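Each chain is listed here by its residues.
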Amino acid sequence: MTDARNRTVDLPGVTLAYRESGRPDGPPLVLLHALGERATDWDSVLPGLAPGHHVYALDLRGHGDSARTAAYSVEAMRDDVLAFLDALGLARVDLVGHSMGGVVAYLLAQAAPERIDRLVLEDIAALYPRPASALPDDPDPDAHFDWAMVRAVKAQFDDPDPAWREGLARITARTLAVAGGPASHVPQERIAELARLVPDCRLVTVEAGHLVHAARPAEFVAVVAPFLAR
């Protein structure tokens, strides 16, 4: 896999940064990071994850080198990714999302099923209302993400739209759900529910906790790379 190249693209209402790597003639693969992460979060697994793919790892809005915006929502991030595919002329892609990025990924797979071939959802569940999330009293002003984005996304995750869960049945992509096991804070029974609701979904558990690809990169690659291989 070639070295990653840092790029930006101007989309309606936002400029997104992304890292491009892999085979220029390979099938496109888009990687979506978790809340508070950025495109470089995938670097440890890139060499083995999809060596035959042309890889695009995004900084979602409010993260990394992408633009800070006046408003944030998971649906806006979904629309950004769809606009990214259109801007780069990517008609159909494989899509991997971790945690928040997994929600963005499955919302995109619901909204535009014809654009997604294979879908990997890393330690993300079918979402239900939960107690309000706590935020730090003195957030780091130098963080590589916008705290306004964190507040907005956490509020959505605390009281998710039931349509997100209902729409899982509309996903047509061949799907792999990767659960982190009991060490993860994500309710594993809700990941199993997601796997049942998505019509063509296989569930695999890697005993790693929530940060599966970071904590157990070799095991993550061993599960995901064969799934993505043509």
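Keep in mind the model is a prediction, meaning the values are calculated, not measured.

1. Points about the overall build of the protein chain
Along the protein chain, the regular secondary structure elements total eight helices and eight strands. Its C-alpha atoms give the protein chain a radius of gyration of 16 Å, within 12% of the compact-globule value 17 Å for 230 residues. By principal-axis analysis of the C-alpha atoms, the protein chain measures approximately 45 × 35 × 30 Å. Evaluated residue by residue, the protein chain yields a buried proportion of 55% over its 230 residues. Long-range pairs, those at least 24 residues apart, make up 75% of the contacts in the protein chain with a sequence separation of at least 6. Accessible surface computed for the protein chain: about 9,600 Å², of which carbon and sulfur atoms make up 52%. Taking the 22 positively charged and 32 negatively charged side chains of the protein chain as two groups, their mean positions are separated by 5 Å.

2. Considerations on the pattern of salt bridges
Following the criterion strictly, the structure yields eleven salt bridges and no others. Residue Arg130 is joined to Asp158 by a salt bridge in which the shortest nitrogen-to-oxygen separation is 2.7 Å. Residue Arg130 is found in the loop between β6 (116-122) and α4 (147-158), and its partner Asp158 is found in helix α4; the two are separated by 28 residues along the sequence. For Arg130, a relative accessible area of 37% gives the class partly exposed. Residue Asp158 is classed as buried on the basis of its relative accessible area of 12%. Glu193 is paired through a salt bridge with Arg190; the nearest N and O atoms lie 3.3 Å apart. In this pair, Glu193 and Arg190 both sit in helix α6 (residues 188-197), three residues apart, roughly one turn of the helix. The network of salt bridges with common partners includes Arg92, Asp117 and Arg118.

3. A look at the side chain of Asp123
With respect to the helices and strands, the residue Asp123 is situated in the loop between β6 and α4. The side chain of Asp123 is buried and forms no salt bridge, while Arg130, the nearest opposite charge, is found at 11 Å. In terms of polar contacts, Asp123 uses its side chain to reach the backbone amide nitrogen of Gly180, at 2.7 Å. At 2.5 Å, the side chain of Asp123 and the side chain of Ser184 are in polar contact. Residues in contact with Asp123, not counting those within four places in the same chain, are Ser99, Val178, Ala179, Gly180, Ser184, Val186, Gln188, Ile191, Gly209, His210 and Val212.

4. A word on the sheet that holds strand β5 (residues 93-98)
Ordered in space as β1-β2-β4-β3-β5-β6-β7-β8, the eight strands form an open sheet in which the pairing is mixed. What marks the edges here is a single partner per strand, and that holds for β1 (5-11) and β8 (201-205). Averaged over all adjacent pairs, the angle separating strand axes in this sheet is 20°, with direction ignored. Across five bridges, β6 lies against strand β7 (residues 174-179) in parallel orientation. By the bridge assignment, Leu119 is partnered in β7 with Thr175. Contacting β1, β2 (14-22), β3 (28-32), β4 (54-59) and β5, helix α2 (residues 74-87) runs over the sheet at an angle of about 105° to β1.

5. Things to note about a negative patch on the surface
Taken together, the side chains of Asp137, Asp138, Asp140 and Asp142 make up a negatively charged region of the molecular surface. Structurally, the position occupied by Asp138 is in the loop between β6 and α4. On the basis of relative accessible area, Asp138 is assigned to the exposed category, the value being 65%.

6. Observations concerning the nonpolar core
Membership of the largest hydrophobic core comes to 54 residues, with the highest contact counts inside it found for Leu32, Leu58, Phe84, Val103, Tyr106 and Leu119. Top contributing element to this core by residue count: helix α3 (residues 100-111), with eight residues. Those residues within four positions of Leu58 in sequence are excluded, and the remaining contacts are Leu16, Ala17, Tyr18, Val30, Leu31, Leu32, His33, Arg38, Ala39, Val81 and Phe84. Formed by 25 residues, the second largest nonpolar core is a distinct cluster that contains Trp42, Val55, Ala57 and Val223.

Criteria and thresholds
Residues numbered from 1 in each chain as written. Predicted model: local features only at pLDDT ≥ 70, side-chain atom pairs only at ≥ 80, totals over all residues. Heavy atoms only, no water. Helix = DSSP H or I, 4+ residues; strand = E, 2+ residues; numbered from the N terminus. Rg over C-alpha atoms; globule rule 2.2 N^0.38 Å. Buried < 20%, exposed > 50% of the residue type's maximum accessible area, 1.4 Å probe, protein only. Contact = heavy atoms within 4.5 Å. Areas by Shrake-Rupley, 256 points an atom, 1.4 Å probe, with all protein chains shown as cover. Lys, Arg positive; Asp, Glu negative; His and termini not counted. Charge placed at Lys NZ, Arg CZ, Asp CG, Glu CD. Salt bridge = Lys/Arg side-chain N within 4 Å of Asp/Glu carboxyl O. Polar contact = N/O pair within 3.5 Å; in protein donor to acceptor, adjacent residues only side chain to side chain. Pairing = 2+ DSSP bridges. Axes fitted to C-alpha atoms, helices over the stretch in contact; angles between N-to-C directions. Patch = residues over 30% accessible without salt bridge, like charges linked within 9 Å, V, L, I, M, F, W, Y side chains within 5 Å. Core = buried A, V, L, I, M, F, W, Y, C linked by side-chain atoms within 4.5 Å.

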